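An overview of the molecular structure
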Amino acid sequence: ETVPTVLPEDGAAPTAASDAVHNAANKALLSLVTSVRCHVHDAPLLGAIRTVFSAYLVSRSGFVRDVCRSTLADMVHHVFDRMEVAGVAVQAHPGVGGRALVARYQTDVY
């Protein structure tokens, strides 16, 4: 089975069908990034953010642009929440123990 492309290969302007693809991609990426069951960090996280941002840039639909904007905001808020949780764990247990606690927490929760 082939994966649908977000942009038409001929470089044409986005259509209603591609707007539906943008929305589906946004929903899937947001679910992955905010999931507590899988780790999304480093390059995959940046790729997800870059993909949603690109959809925002190429879309001419105000609705899709609003969805992209809120998706990006949700992703960034989730990342900052994870950073704060990790920071609290390190402050509560300084030294190697704090880093080990963060690693264990990320394995158990994220």
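No experiment lies behind these values; they were computed from the predicted model shown. (Residues numbered from 1 in each chain as written. Predicted model: local features only at pLDDT ≥ 70, side-chain atom pairs only at ≥ 80, totals over all residues. Heavy atoms only, no water.)

Right, let's talk about the confidence of the model for the protein chain for a bit. Keep in mind that low pLDDT regions are not for reading the predicted coordinates in detail. Confidence along the protein chain averages 77 in pLDDT terms, with 65% of residues attaining 70 or more. Mean pLDDT across the elements of the protein chain ranges from a minimum in helix 4 (residues 96-109), with 55, to a maximum in helix 2 (residues 42-58), with 91. Of the regions scoring below 50 in pLDDT, residues 1-5 engages in 1 contact with residues more than four places distant in sequence or in other chains. (pLDDT = per-residue confidence, 0-100. Helix = DSSP H or I, 4+ residues; strand = E, 2+ residues; numbered from the N terminus. Contact = heavy atoms within 4.5 Å.)

Relative to the assigned elements, His77 resides in helix 3 (residues 62-92). Sequence spacing of His77 and Thr34 is 43 residues, and the spatial spacing of their C-alpha atoms is 9.6 Å.

Judged by nonpolar contacts, the single largest core of 14 residues is most densely connected at Leu29, Val33, Leu45, Ala48, Val52, Cys68 and Met75. Looking at this core, the elements with two or more residues in it are helix 1 (16-33), helix 2 and helix 3. The contact partners of Val33, leaving out residues within four places of it in the chain, are Val40, Leu45, Ala48, Met75, His78 and Arg82. (Core = buried A, V, L, I, M, F, W, Y, C linked by side-chain atoms within 4.5 Å. Buried < 20%, exposed > 50% of the residue type's maximum accessible area, 1.4 Å probe, protein only.)

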